[in-house]
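What the coordinates show
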Amino acid sequence: MKTKLLSLLLMLVMLASLAACGGPDQAGQGGAEGSPKEEKLQKSSETLEPFHKEATLAETVMMDEGGVKVTATGLTFTESSADLAITIENNSGKDLSFTSGSLGYSCNSVNGYMVSDGYLNCDVLNGTVANDVISFSYDTLMIYGINEIADMEIGFDIKDADYNSIYFNSPPIYTSAFQGHDYETDHYQQTITSQAAMNTYNYEMIHFSQEPLYAQQGVELLSSGVMVNRDGERALLLEMENTGDKTVYIATSDIGINGLTATTSLWSSSAVAPGKRCIVDVQLDKVLEPSWWSVYGIDEIGEISLSIGLMDEQWMNVAEKMPVEIAIPGVKASFDDEGTEVYNENGLRMVAKTVLQDDSDYSSDCHVLLLLENNSGKIIDIQDVPGSLAVNGMMSDYSFSFCELEDGESAVLSITLPEVALEMNQITSPQEIKEINIGFEIRNDREMIDEPTVTMAFEEEK
C-alpha cells in the first residue's frame, strides 16, 4: 500500500487563491518607507516574494534503457507553475503508460525536498514518441521554502498492458540556478515560520520545535510544527530527512491528541529518497472530526502523540514503529473522560458519549461515540461480534473502527450507522436513537477475556 493524503499544504494553496494579495507570484514585500507606525504595519502585512523564473535547463537524458528514452527538453514558467517539458521515446516492444506524482507513486523532489506535485499520465505506444509536461505549482513549492528551481528528480511508474510496473527514479536534473543555490540553509523552516508565509497562505504556526525526537536507520526528525489555517483546520507537520542510501516510506499511526488516542491504524505513508527531506503532514481534523473535539473535551492542543515506522518499497519493515510525543509548552493536555459508563470489567472501562450526525453535504450517517480506558495491565484487542448491533431494538448495519488498546491508554471508539440503514428502520435523526445494543469480543492476544453485550441508552437533549 502506497498512499498520499490530500495535504493541508495544498489546502492552504487553495486558500491563497482567495487572498487579496493574489498569491506569491503577484505580491512582494515592497512598500515605501514611512513612519515607525507605518513600518510596523508593513512588517505585519508582508507576503512572500514572487517565484524566481530565471532558471534555464539544458536538454538532459533522464532515462535510456530497455528501448525507453526519457529526455528533459526544457524548463518554462507560466503565471502559476514551473513546467518541465519531456520527450518519451518508446522502442521497448510494448505499449507503456508513464505516471508520476500520482496517488500510487509519488517520488518527485525539487531542491532536495520531496514534493506532492509534478503529476504526469502519459500513454506511449510502442514505436512512437510523445511530448508532455510535468508542472510544479509555485504555491506548492513555496510553502516548502522553494522559490527557484535548482534541481529536480522525477519518479516514474512505468506500466505495460499487463499492469507490470517498473519504478524508476531519474538522476538529478540541474538547472542554471544550481551553482548559486544555497543548500546549507533550511529554507522550509525559514519559510514555514515566517510572517510572510503566514500572511500569504492565511495560517498561524502555533508551535514549532527543532527538538530531535526521532532518529532511526538514518531517518531523522528535523522539526515539528502545529499549524492552524484560517478555517480553523489543524495539522501537524514533521520535517524528516533520509541520510541513508535507499528510499524509505515514513509511516504514521497511533495518533493521539492530549493523551486520547484517536486512531491506531496506519494513517499515512510518505516516500523520502536518499539524501532528501520530506514534510509529513497529519491533518488533525481528519484524525478526529472537528465536531467530535468538544464531545471529548478537547478545546486546544497541548500534546500530539503518534508512532513513526519505516518501510521499504516492498512494504517490508526497515524500522519498527516508535512512539513520538510533541508537547506544546503552556497548554494543558487534557480531555473529558466523563459520560455514561456502559462497561467496567477486567480493567477495561467503556463510556458512552453521544450520537452525532455527519455535518457534511455528502452524508447523513450517524456516529456512536464512546471512550475506552484500559487499566488491565495487558494489551487489549476489542472487536465487535459481527451482525450484533441493534438500534431501538431493530437490527442494523454498521461499521466499526477500533482494534487494539495499550495498557494505560485511553482512546476514541466510534461506531458508524449508515444513513440508509437507519432509514430502513424509520430513523431520520440522531435524536430518535434511544438505545443501542452491540456485542463485543475482548481479547489479549488469543486469550478471550470477555464477550459482553453492551447496552447504551440515550436521552433526548432538552
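Residues numbered from 1 in each chain as written. Predicted model: local features only at pLDDT ≥ 70, side-chain atom pairs only at ≥ 80, totals over all residues. Heavy atoms only, no water.

Some details on the confidence of the model for the chain
Per-chain confidence: the chain averages 89 in pLDDT, with 90% of residues scoring 70 or above. Contacts from residues 1-7, a stretch scored under 50 in pLDDT, to residues over four places away or in other chains number 24 contacts. The low-confidence segment residues 13-42 (pLDDT under 50) makes 45 contacts with residues lying over four places distant or belonging to another chain. (pLDDT = per-residue confidence, 0-100. Contact = heavy atoms within 4.5 Å.)

Quick notes on the layout of surface pockets
Taken as a whole, the second largest pocket holds about 390 Å³ of empty space. Per-class residue counts for the lining of the second largest pocket are five nonpolar, seven polar and seven charged. (1 Å grid on protein atoms, 1.4 Å probe; cavity = no way out; pocket = protein on both sides within 12 Å on 5 of 7 lines; lining within 4 Å. Points joined across faces, edges and corners; volume = space filled by probe spheres on them. Nonpolar A, V, L, I, M, F, W, Y, C, P; charged D, E, K, R; others polar.)

Thoughts on the packing of aromatic side chains
Working definition: an aromatic ring pair is given by the centre-to-centre distance plus the angle between the planes. Enumeration over the complete set of coordinates arrives at eight aromatic pairs. Ring geometry for Phe-51 and Tyr-138: centres 4.6 Å apart, planes at 25 degrees, overall stacked. One end of the pair, Phe-51, is in the loop between α2 (36-44) and β1 (60-65); the other, Tyr-138, is in helix α3 (residues 138-142), with 87 residues separating them in the sequence. Centre to centre, the rings of Tyr-174 and Phe-178 are 4.4 Å apart; their planes meet at 50 degrees, and the pair counts as tilted. For Phe-178, a relative accessible area of 27% puts it in the partly exposed group. An aromatic cluster is present here, built from Phe-51, Phe-77 and Tyr-138 joined pairwise through their rings. Sitting over the ring of Trp-293, Arg-234 keeps its end group 3.6 Å from the ring centre. (Phe/Tyr/Trp six-rings, centres within 6.5 Å; stacked < 30°, edge-to-face > 60°. Helix = DSSP H or I, 4+ residues; strand = E, 2+ residues; numbered from the N terminus. Buried < 20%, exposed > 50% of the residue type's maximum accessible area, 1.4 Å probe, protein only. Lys NZ or Arg CZ within 6 Å of the ring centre and 35° of its normal.)

Some points on the sheet that holds strand β10 (residues 155-160)
Within a sheet, each strand pairs with its neighbour through backbone hydrogen bonds, oriented either parallel or antiparallel. Read across the sheet, four strands follow the order β7-β4-β10-β11 without closing on themselves; strand pairing throughout is antiparallel. A strand with exactly one partner marks an edge of an open sheet, and here the two such strands are β7 (120-124) and β11 (165-169). Geometrically, the sheet is characterised by an average inter-axis angle of 20 degrees between neighbouring strands, direction not taken into account. Here β10 runs beside β11; their pairing, made up of five bridges, is antiparallel. (Pairing = 2+ DSSP bridges. Axes fitted to C-alpha atoms, helices over the stretch in contact; angles between N-to-C directions.)

Comments concerning the nonpolar core
Formed by 51 residues in total, the largest nonpolar core has its most connected members in Leu-84, Phe-98, Phe-156 and Tyr-203. Once residues lying within four places of it in the same chain are set aside, the contact partners of Phe-98 are Val-68, Val-70, Ile-88, Leu-120, Asn-121, Cys-122, Val-124, Asp-157 and Ile-158. Of all hydrophobic cores here, the second largest spans 44 residues; its members include Tyr-214, Val-248, Trp-292 and Val-295. (Core = buried A, V, L, I, M, F, W, Y, C linked by side-chain atoms within 4.5 Å.)

Examining the pairing of strand β15 (residues 219-229)
Consecutive residues of a regular strand have side chains that alternate between opposite faces of the sheet. In terms of burial, β15 is largely enclosed, as ten of its eleven residues are buried. Taken together, the six bridges between strand β13 (residues 203-209) and β15 define a ladder with antiparallel strand orientation. Looking across to β15, one finds that His-207 is bridged to Val-226. By the bridge criterion, two bridges tie strand β14 (residues 215-216) to β15 in an arrangement that is antiparallel. Within β15, the residue paired with Gln-216 across the bridge is Val-219. Between β14 and β15, which pair antiparallel and follow one another directly, the connecting turn spans two residues, one of which, Gln-217, has a positive phi of 50 degrees. In textbook terms, the turn of a hairpin is the stretch between consecutive antiparallel strands, and for β15 and strand β16 (residues 234-242) this stretch comprises four residues, one of which, Gly-232, has a positive phi near 85 degrees.

Focus: unusual backbone geometry
Located in the positive-phi region is Asn-392, a residue other than glycine, with phi close to 50 degrees. With respect to the secondary-structure elements, Asn-392 resides in the loop between β27 (390-391) and β28 (394-395). Residue class for Asn-392 comes out partly exposed when judged on its relative accessible area of 29%. The backbone of Asp-445 sits at a positive phi, close to 60 degrees, despite the residue not being glycine.

Some remarks on the pattern of salt bridges
This structure, assessed with the given rule, holds 13 salt bridges. Put simply, Arg-277 and Asp-186 hold a salt bridge, and the shortest N to O gap is 3.0 Å. Here Asp-186 lies in the loop between β12 (173-174) and α4 (187-192) and Arg-277 lies in strand β20 (residues 277-283), a separation of 91 residues in the sequence. One salt bridge in this structure joins Asp-336 and Lys-353, with 3.4 Å as the shortest N-O distance. On the criterion of sequence distance, the pair formed by Asp-336 in the loop between β22 (317-327) and β23 (340-345) and Lys-353 in strand β24 (residues 348-357) is long-range, its members being 17 residues apart. Note on Asp-336: relative accessible area 28%, which makes it partly exposed. Note on Lys-353: relative accessible area 16%, which makes it buried. Salt bridges here are not isolated pairs; linked through shared partners, they connect Asp-186, Glu-239, Glu-241 and Arg-277. (Salt bridge = Lys/Arg side-chain N within 4 Å of Asp/Glu carboxyl O.)

Here's the deal with the sheet that holds strand β8 (residues 128-137)
With antiparallel pairing, the four strands of this open sheet are ordered in space as β1-β2-β3-β8. Strands with a single pairing partner mark the edges of an open sheet, and in this sheet they are β1 and β8. Within the sheet, the average angular offset between the axes of one strand and its neighbour, ignoring direction, is 20 degrees. As paired strands, strand β3 (residues 81-90) and β8 are joined by ten bridges and run antiparallel to one another. Considered in β8, the bridge of Ser-81 is made with Ser-137.

Considerations on the environment of Ile-166
Looking at the element boundaries, Ile-166 is found in strand β11. Taking the C-alpha atoms as reference points, Ile-166 and Phe-156, ten residues apart in sequence, are found 8.0 Å from one another. Setting aside chain neighbours within four positions, we find Ile-166 in contact with Phe-156, Asp-157 and Ile-158.

Notes on the environment of Ser-170
Counting through the fold element by element, Ser-170 comes out in the loop between β11 and β12. Contact partners of Ser-170, with chain neighbours within four places excluded, come to Met-62, Glu-153 and Ile-154.

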